[in-house]
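Coordinate inspection notes
Each chain, written out:
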Amino acid sequence: MEQNQSKKLYDYHVWANKQVIQHLKQMPENILNDMVQSVFPSIHDVLVHLYTVDIVWLGTMKGNNFQDTIAEVERRKSEITGASIDEFEVFYEELSKEFYHFLSEQHDFEQIIVAEHPQYGQCEFKLADLIQHVVNHGTYHRGNVTAMLHQQGTRGVPTDYVFFLLK
């Protein structure tokens, strides 16, 4: 993929998600669904949230209608809810392909995306800012996963941006 900063940041997001999924595949199966006291009740719930919110933002970047995007999220959420870590891996891979296809068609990452939101009305964002948001949102929730793993007596996996740069 061409290396402008927005695409590079999305590459990092995909890499970091893969790091977490590969790490979770090494864990006992119950770790995904064990209940913990955290922002989310389980790691499974964090992974569903991260996946579905990425769908929201991809739909927004594409200029899709908000109600249509939410309907798509609900459809796909029903497919991923209850998924095993191997299934999460496939769902995340397929979603990243959708993002990469969309990003490959973009020539102006400073373009303004206009989105209608039922609560905030008409919103305007630069495409680059939305990509940055997707990455930041993912970083935040991968941190939740690490904290939840610590609560369960194990360690997370390093996903800091610098580790991506060093790979």
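Calculation criteria
Residues numbered from 1 in each chain as written. Predicted model: local features only at pLDDT ≥ 70, side-chain atom pairs only at ≥ 80, totals over all residues. Heavy atoms only, no water. Helix = DSSP H or I, 4+ residues; strand = E, 2+ residues; numbered from the N terminus. Expected span 1.5 Å × (residues − 1). 1 Å grid on protein atoms, 1.4 Å probe; cavity = no way out; pocket = protein on both sides within 12 Å on 5 of 7 lines; lining within 4 Å. Points joined across faces, edges and corners; volume = space filled by probe spheres on them. Core = buried A, V, L, I, M, F, W, Y, C linked by side-chain atoms within 4.5 Å. Buried < 20%, exposed > 50% of the residue type's maximum accessible area, 1.4 Å probe, protein only. Contact = heavy atoms within 4.5 Å. Nonpolar A, V, L, I, M, F, W, Y, C, P; charged D, E, K, R; others polar.

A word on helix α2 (residues 43-62)
Between its first and last C-alpha, α2 extends 29 Å over 20 residues, near the 28 Å set by a 1.5 Å rise per residue. Directly after α2, the chain includes G63, whose backbone phi takes a positive value near 85 degrees.

A look at empty space enclosed by the protein
Within the structure shown, the criterion is met by one cavity of 30 Å³ or more. Computed from the structure, the largest cavity encloses a volume of approximately 40 Å³. Around the largest cavity, the lining residues are N17, V20, I21, L47, L50, Y92, H141, R142 and V145. Those elements that place two or more of their residues in the lining of the largest cavity are α1 (5-25), α2 and α5 (127-151).

Remarks on the nonpolar core
One finds L24, I43, L47, M61 and F88 to be the most contacted residues of the largest nonpolar core, which totals 44 residues. Elements with a minimum of two residues in this core: α1, α2, α3 (66-80), α4 (85-104) and α5. Tallying contributions element by element places α2 first for this core, with twelve residues. Those residues in contact with L47 that lie beyond four places of it in its chain are L24, L32, I85, F88 and Y92. Among the nonpolar cores identified, the runner-up in size contains six residues, and L9, Y12, A16 and F164 belong to it.

A short note on the layout of surface pockets
The space that makes up the largest pocket amounts to roughly 270 Å³. What lines the largest pocket is a set of 16 residues, among which W57, T60, F66, A115 and H117 lie closest to the centre. Of all the elements in the fold, those that place two or more residues in the lining of the largest pocket are α2, α3, β1 (112-117) and β2 (121-126). Residue classes in the lining of the largest pocket are distributed as nine nonpolar, six polar and one charged. Sorting the residues of the lining of the second largest pocket by element identifies α1 and α4 as the ones contributing at least two each. Considered class by class, the residues forming the lining of the second largest pocket number seven nonpolar, three polar and three charged.

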